[in-house]
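The primary structure of each chain is shown beneath.
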Amino acid sequence: MRYLTAGETHGPQLTAIIEGLPSNLNVLAEQINDQLARRQKGYGRGLRMQIEKDTVQIAGGIRHGKTTGAPVALVVENKDWAQWTKVMGIEPPDEENEGKRRVNRPRPGHADLNGGLKYNQRDLRNILERSSARETTIRVAVGAIARVFLAEFGIKVAGQVIRIGEVKVERREIGIDELISITEESPVRVADKEAEAQMIAAIDAAKSEGDTLGGVVEVVVEGVPVGLGSHVQWDRKLDGRIAQAVVSIQAFKGVEFGIGFEAARSKGSQVHDEILYTPDKGFERRTNRAGGLEGGMTTGEPIIVRGVMKPISTLYKALQSVDIDSKEAFTAQIERSDTCAVPAAGVILENVVAWEVAQAFMEKFGGDSMEEIRRNYDSFLAQVKEY
């Protein structure tokens, strides 16, 4: 499976084409819209979340609620497009609109300057419109279909925020269904009421200062079979592919699995997961410090992955920059900004991880229809049970 996205933050729409989905997968627009709505929530979001509510249009590949095997086309319209038609139009602008909303002062922390230099663009809007985190909207839509696919095989995906700024939540060992229930009710997606209040206060303080906050989010994928991914080539290792997907999310700068960087200060006996066997359960691990992945392959334990999101780069307390025309020092230009998007970023992380797991699942058990994939999957489970 693969997909491509297109579209700009203030353009008419965002588009995705997904290739390789099997036929006869039940998909409804409301399942995608549920994930899009989750992405727009979270304490600390900016005004754009109040301007438009994202909904998907399925433009191909699904008929009467089922995939056909053809490429699936998804469209999410930008309702704000009406205010930007002259600025972002396809046709050459007239004199009145030429240069309108031009960006010539690159923002530190964004793709503005290096993108302008790379693509030889004198209006940095041509860079920021595509590099904007608005693009994650359509990636969430794609991930929503991956989640529907995984759910057919009993695989669940959940996420939680474990840090915003200086406020950290200790990870709680609770069931995935309970985790989903608790975090969905929290404005900052945490499973700790005390930390929730502290995070909200920290976001309010940063907003009053014109500043922004980052954090750490965690995703758990439960019900994954052993053997997704491969050890035989570097680019087939599932942890490597997930890591690439995580840091491809705008503003994400780090990733870890299981106990992650804690392994660097621990002894081997405190890092590796002992192997157990019982006739009823077969092979399993005493612990899951590896986060469900060893040698680039799933172990059968839950996948646990965390991503580090830096504070959003657009500050109302603008940082110093340089005008690309005059080369004089100025403060950076400001687009609309969130104070903290960590809770929403957790939803994005869930969906990009879901896609990578679904893609690896298809590589292992792939077929042209859901019925064929299920036969392959059931056959493999029987093989593992008899091992």
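Each chain carries its own residue numbering, running from 1 in the written order of its sequence. Only residues with pLDDT of at least 70 are given local features in this predicted model, and only at 80 or more are side-chain atom pairs given and counted; all residues enter the totals for whole chains, interfaces and linings. No hydrogens and no water enter the side-chain calculation; it runs on all heavy atoms of the structure.

Student: When you look at the overall build of the protein chain in this model, what are you seeing that I'm missing?
Tutor: Of regular secondary structure, the protein chain possesses 10 helices and 17 strands. For a compact globule of 387 residues, the expected C-alpha radius of gyration is about 21 Å, and the protein chain comes in at 22 Å, within 12% of that figure. Dimensions along the principal axes, computed over C-alpha positions, put the protein chain at roughly 75 × 50 × 40 Å. Going through the 387 residues of the protein chain one by one, you find that 48% of them count as buried. By definition, residues are in contact when any of their heavy atoms lie within 4.5 Å. Looking at the protein chain alone, contacts between residues at least 24 apart form 70% of all its contacts between residues at least 6 apart. Using a 1.4 Å probe, the Shrake-Rupley method yields the accessible areas, and only the shown protein chains count as cover for residues. Of the roughly 19,400 Å² of accessible surface on the protein chain, 50% is carried by carbon and sulfur atoms. All tallies of charge rest on Lys and Arg as positive and Asp and Glu as negative; His and the ends of each chain are not included. Taken as the charge centre is NZ of Lys, CZ of Arg, CG of Asp or CD of Glu, depending on the residue. Between the averaged position of the 50 positive side-chain charges in the protein chain and that of its 56 negative side-chain charges there is a distance of 1 Å. Secondary structure elements are taken from DSSP: a helix is a run of H or I of four residues or more, a strand is a run of E of two residues or more, and numbering for both begins at the N terminus. It is over C-alpha atoms that the radius of gyration is taken, and the globule rule equals 2.2 Å times the number of residues to the power 0.38. Buried, partly exposed and exposed residues are distinguished by accessible area as a fraction of the type maximum, computed with a 1.4 Å probe on protein chains only: under 20%, between the cut-offs, and over 50%, respectively.

Student: I would appreciate a short explanation of the environment of Val-148 in the present structure.
Tutor: Tracing the backbone shows Val-148 in helix 5 (residues 136-151). Taking C-alpha positions, Val-148 is 8.2 Å from Leu-25, a pair spaced 123 residues apart along the chain. The residues touching Val-148, leaving out its near neighbours within four places in the chain, are Leu-25, Asn-26, Val-27 and Gln-31.

Student: In this structure, what is going on with the sheet that holds strand 8 (residues 167-168)? I would like to understand it.
Tutor: Strand pairs in the sheet, formed through backbone hydrogen bonds, run parallel or antiparallel to each other. With respect to topology, 5 strands assemble into an open sheet ordered 8-7-9-15-10, the strand pairing being antiparallel. Either end of the sheet is taken by a strand with one partner, and the two such strands are strand 8 and strand 10 (252-257). When DSSP finds at least two bridges between two strands, those strands are taken to pair. Bridge count for strand 9 (residues 215-222) against strand 15 (residues 303-309) is 7 bridges, and the pairing is antiparallel. Looking across to strand 15, one finds that Val-219 is bridged to Val-305. Along the sheet face, helix 6 (residues 176-184) touches strand 7 (156-164) and strand 9 and points at about 55° away from the line of strand 7. Against the sheet, helix 7 (residues 193-208) engages strand 7 and strand 8, with an angle of about 60° to strand 7. Throughout, an axis means a line fitted to C-alpha atoms (over the contacting stretch in the case of helices), and angles, computed between N-to-C directions, take values from 0 to 180 degrees.

Student: Which parts of the structure should I look at to understand the packing of helix 1 (residues 29-39) against helix 9 (residues 342-365)?
Tutor: Contact geometry for helix 1 and helix 9: axes closest at 8 Å, N-to-C directions at 145°. Here Gln-35, Arg-38 and Arg-39 of helix 1 lie close against helix 9, whose contacting residues are Ala-344, Val-347, Ile-348, Glu-350 and Asn-351.

Student: Mind showing me how you'd approach the pairing of strand 1 (residues 2-6) here?
Tutor: Regular strands show a simple pattern: their side chains alternate between the two faces of the sheet. For strand 1 and strand 2 (residues 13-19), the ladder comprises 5 bridges, and the chain directions are antiparallel. Bridging from a neighbouring strand, Leu-4 pairs with Ile-17 of strand 2. Remark: 6 residues form the turn of the hairpin made by strand 1 and strand 2, two consecutive strands paired antiparallel; Gly-7 in that turn has positive phi of roughly 125°.

Student: In this structure, what is going on with the packing of aromatic side chains? I would like to understand it.
Tutor: Centre-to-centre distance and the angle between the planes together describe a pair of aromatic rings. Centre distance within 6.5 Å is the pairing criterion for rings of Phe, Tyr and Trp, where only the six-membered ring of Trp is used; planes under 30 degrees apart are then read as stacked, over 60 as edge-to-face, and the remainder as tilted. Throughout the structure, instances matching the rule amount to 11 aromatic pairs. Clustering of aromatic rings is evident, with ring pairs tying together Phe-149, Phe-153, Phe-361, Phe-365, Tyr-377 and Phe-380. Only lysine NZ and arginine CZ atoms are considered, and such an atom sits over a ring when it is within 6 Å of the ring centre and within 35 degrees of the ring normal. Geometry around Phe-330 places Arg-105 over its ring, the cationic atom sitting 4.0 Å from the centre.

Student: Explanation requested: the side chain of Arg-139 in the structure shown.
Tutor: Looking at the element boundaries, Arg-139 is found in helix 5. Residues within four places of Arg-139 in sequence aside, it is in contact with Tyr-3, Thr-5, Ala-245, Ser-248, Ile-249, Gln-250, Asn-351 and Val-352.

Student: Could you clarify how one ought to interpret helix 1 in this entry?
Tutor: Owing to its 3.6 residues per turn, the α-helix aligns residues three or four sequence positions apart on the same side. Within the span of helix 1, buried status applies to Ile-32, Gln-35, Leu-36, Arg-38 and Arg-39. All buried residues of helix 1 fall inside an arc of 160° around its axis, so they share one side. Check the buried side of helix 1 and you find it contacts strand 3 (56-60), strand 6 (72-77), helix 5, helix 6 and helix 9. Arc definition: it is the arc formed by the directions from the helix axis to the C-beta atoms.

Student: So what exactly am I meant to see when it comes to the pattern of salt bridges here?
Tutor: A side chain with one charge may pair with a side chain of the opposite charge, provided their charged atoms come close. Within this document, salt bridges are pairs made up of a side-chain nitrogen of Lys or Arg and a carboxyl oxygen of Asp or Glu, the two lying within 4 Å of each other. Going through the model one piece at a time under the given rule, you end up with 23 salt bridges. In this structure, Glu-363 and Arg-241 form a salt bridge, with 3.0 Å as the shortest nitrogen-oxygen distance. Remark: Arg-241 occurs in helix 8 (residues 238-247) and Glu-363 occurs in helix 9; sequence separation between them is 122 residues. Linked through salt bridges whose partners overlap, the residues forming this network are Arg-38, Arg-147, Glu-184, Arg-189 and Glu-350.

Student: I'm lost on the sheet that holds strand 2 in this one. Help?
Tutor: Read across the sheet, 4 strands follow the order 1-2-6-3 without closing on themselves; strand pairing throughout is antiparallel. The sheet is open, and its two borders are formed by strand 1 and strand 3, each paired with just one other strand. On average, each strand axis in the sheet is inclined to that of its neighbour by 20°, with strand direction left out of account. Of the strand pairs in this sheet, strand 2 and strand 6 are connected by 6 bridges, and their pairing is antiparallel. Along strand 6, the bridge assignment pairs Thr-15 with Val-75.

Student: What is the right way to read helix 8 from this model?
Tutor: Among the residues making up helix 8, those that are buried are Leu-238, Arg-241, Ile-242, Ala-243, Ala-245 and Val-246. Tucked inside the fold, the buried residues of helix 8 contact helix 5, strand 10, strand 13 (293-294), strand 14 (297-298), strand 15 and helix 9.

Student: Quick question: what am I supposed to make of unusual backbone geometry here?
Tutor: As a rule of thumb, non-glycine residues mostly have phi less than zero, and peptide bonds are mostly trans rather than cis. For Asn-120, which is not glycine, the phi torsion reads 55° and is therefore positive. Within the secondary structure, Asn-120 is located in the loop between helix 3 (112-119) and helix 4 (125-131). On the accessibility criterion, Asn-120 (64% relative accessible area) is exposed. Of note in this structure, Lys-327 is not a glycine but carries a positive phi near 65°.

Student: In this structure, what is going on with a negative patch on the surface? I would like to understand it.
Tutor: Judged by side-chain charge, Asp-94, Glu-95, Glu-96 and Glu-98 come together as a negatively charged surface patch. Along the chain, the position of Glu-95 falls in the loop between strand 6 and helix 3. Exposure above 30% relative accessible area and the absence of a salt bridge qualify a residue for a patch, where like charges join within 9 Å and nonpolar side chains (Val, Leu, Ile, Met, Phe, Trp, Tyr) within 5 Å.

Student: Help me out: how do you make sense of the nonpolar core in this one?
Tutor: Inside soluble globular proteins, nonpolar side chains tend to come together where they are buried. In terms of nonpolar packing, the biggest core is built from 76 residues, with Leu-74, Phe-149, Ile-242 and Val-353 touching the most fellow members. Broken down by element, the residue count for this core peaks at 14 residues, all from helix 9. Once residues lying within four places of it in the same chain are set aside, the contact partners of Val-353 are Val-219, Val-221, Ile-242, Val-246 and Val-305. Counting 6 residues, the second largest nonpolar core, distinct from the first, contains Ile-176, Leu-179, Ala-191 and Ile-304. Working definition of a nonpolar core: buried Ala, Val, Leu, Ile, Met, Phe, Trp, Tyr and Cys residues. They are joined through side-chain atoms within 4.5 Å.

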